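A closer look at the structure
What follows is the residue order along each chain.
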Amino acid sequence: MRTDSRLSRMLHVLLHMARDDQPVTSERIAQMLGTNPAVVRRTMGGLREAGYVRSEKGHGGGWTLDCDLAQVTLLDVYRAVGSERLFAMGFDNVHPDCLVEKVVNDALQDAMEQATAILLERLGAVSLADLAERFTALYPKDH
């Protein structure tokens, strides 16, 4: 099963954009991520709709940040890129009248709800500025 890496990839792009402080084209982002520019435009569109980036067409155009990094959390970006599910695990409902299946599904549902709440809380506690600060501490611009 393929994992959904949109959140990770867009966080990567946003941090590069914050560091470079100049417009970046969809083609350049696509090359960096090893994907197609149309995929980049579609994904970045969600970030634009949320007000985190803007785009300019034409020569010298591209994507630029349009937000305060301290005001945007990982949860905000997660929601903007449209990730569908946090977990790929599902339930088996082949025998809905089976009490064993019901007990198993209830236990898994409860565990997943708790894990989701914890993960969403953690994503909401980390801002893009936090990530940018960590990156700058590890790799100062002058290196």
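Residues numbered from 1 in each chain as written. Predicted model: local features only at pLDDT ≥ 70, side-chain atom pairs only at ≥ 80, totals over all residues. Heavy atoms only, no water.

Looking at an unreviewed UniProt entry, the protein chain carries the name Rrf2 family transcriptional regulator, with the source organism given as Pseudomonas nitroreducens.

**Structural notes on the overall build of the protein chain**
Scanning the protein chain from terminus to terminus reveals six helices and two strands. Its helices and strands taken in sequence order, the protein chain reads α-α-α-β-β-α-α-α from the N to the C terminus. Against the globule reference of 15 Å for 143 residues, the protein chain gives a C-alpha radius of gyration of 19 Å, more extended than a compact globule. Expressed along its principal axes, the backbone C-alpha trace of the protein chain runs to roughly 65 × 30 × 25 Å. Buried residues in the protein chain amount to 31% of all 143 residues. Within the protein chain, contacts between residues at least 6 apart in sequence are counted, and of these 62% link residues at least 24 apart. Summing over all exposed atoms, the protein chain offers an accessible surface of approximately 9,600 Å²; the carbon and sulfur share of this is 53%. Taking the average location of the 16 positive side-chain charges in the protein chain and that of its 20 negative ones, the two points are 8 Å from each other. (Helix = DSSP H or I, 4+ residues; strand = E, 2+ residues; numbered from the N terminus. Rg over C-alpha atoms; globule rule 2.2 N^0.38 Å. Buried < 20%, exposed > 50% of the residue type's maximum accessible area, 1.4 Å probe, protein only. Contact = heavy atoms within 4.5 Å. Areas by Shrake-Rupley, 256 points an atom, 1.4 Å probe, with all protein chains shown as cover. Lys, Arg positive; Asp, Glu negative; His and termini not counted. Charge placed at Lys NZ, Arg CZ, Asp CG, Glu CD.)

**Examining a nonpolar patch on the surface**
A contiguous nonpolar surface patch, about 340 Å² in accessible area, is contributed by Phe-135, Leu-138 and Tyr-139. The residue Tyr-139 is located in the segment after helix H6 (128-138) in this model. (Patch = residues over 30% accessible without salt bridge, like charges linked within 9 Å, V, L, I, M, F, W, Y side chains within 5 Å. Salt bridge = Lys/Arg side-chain N within 4 Å of Asp/Glu carboxyl O.)

**Describing the nonpolar core**
Core analysis: the largest hydrophobic core is formed by 31 residues, its most contacted members being Met-10, Met-17, Ile-29, Met-44, Leu-47 and Val-77. Of all the secondary-structure elements, those providing two or more residues to this core are helix H1 (6-20), helix H2 (26-33), helix H3 (37-49), helix H4 (74-81) and H6. With residues near it in sequence (within four places) discarded, Met-10 still touches Leu-33, Thr-43, Met-44, Leu-47, Val-77 and Val-81. (Core = buried A, V, L, I, M, F, W, Y, C linked by side-chain atoms within 4.5 Å.)

**Examining H4**
Counted residue by residue, H4 has six buried out of eight residues, so it is predominantly covered. Among the residues of H4, those classed as buried are Leu-74, Leu-75, Val-77, Tyr-78, Ala-80 and Val-81. As for H4, its buried residues are in contact with H1, H3, helix H5 (99-125) and H6. Gly-82 occupies a position one or two residues after H4 and carries a positive phi of about 75 degrees.

**A word on H6**
Of all the positions in H6, only Leu-128, Ala-129, Leu-131 and Ala-132 are classed as buried. Across the axial projection of H6, the buried residues extend over an arc of 160 degrees, all falling on one side. Facing away from the buried side of H6, by more than 90 degrees, are the exposed residues Glu-133, Ala-137 and Leu-138. Its buried side turned inward, H6 meets H1 and H4. Sitting at the amino-terminal end of H6 is Ser-127, which places a side-chain oxygen 3.3 Å from the backbone nitrogen of Ala-129. (Arc of directions from axis to C-beta. Polar contact = N/O pair within 3.5 Å; in protein donor to acceptor, adjacent residues only side chain to side chain.)

**Let's talk about the pattern of salt bridges**
If you walk through the whole model with that rule in mind, you get five salt bridges. In this structure, Asp-66 engages Arg-54 in a salt bridge whose closest nitrogen and oxygen atoms are separated by 3.6 Å. Taken together, the residues Asp-66 in the loop between strand E2 (62-65) and H4 and Arg-54 in strand E1 (residues 53-56) connect sequence positions 12 residues apart. For Asp-106, the salt bridge goes to Lys-102, with nearest N and O atoms at 3.1 Å. With Asp-106 and Lys-102 both in helix H5, this residue pair falls four residues apart, about one helical turn. Looking at Asp-106, the relative accessible area reads 41%, which means it is partly exposed. It is possible to trace a salt-bridge network through shared partners that takes in Arg-54, Glu-56 and Asp-66.

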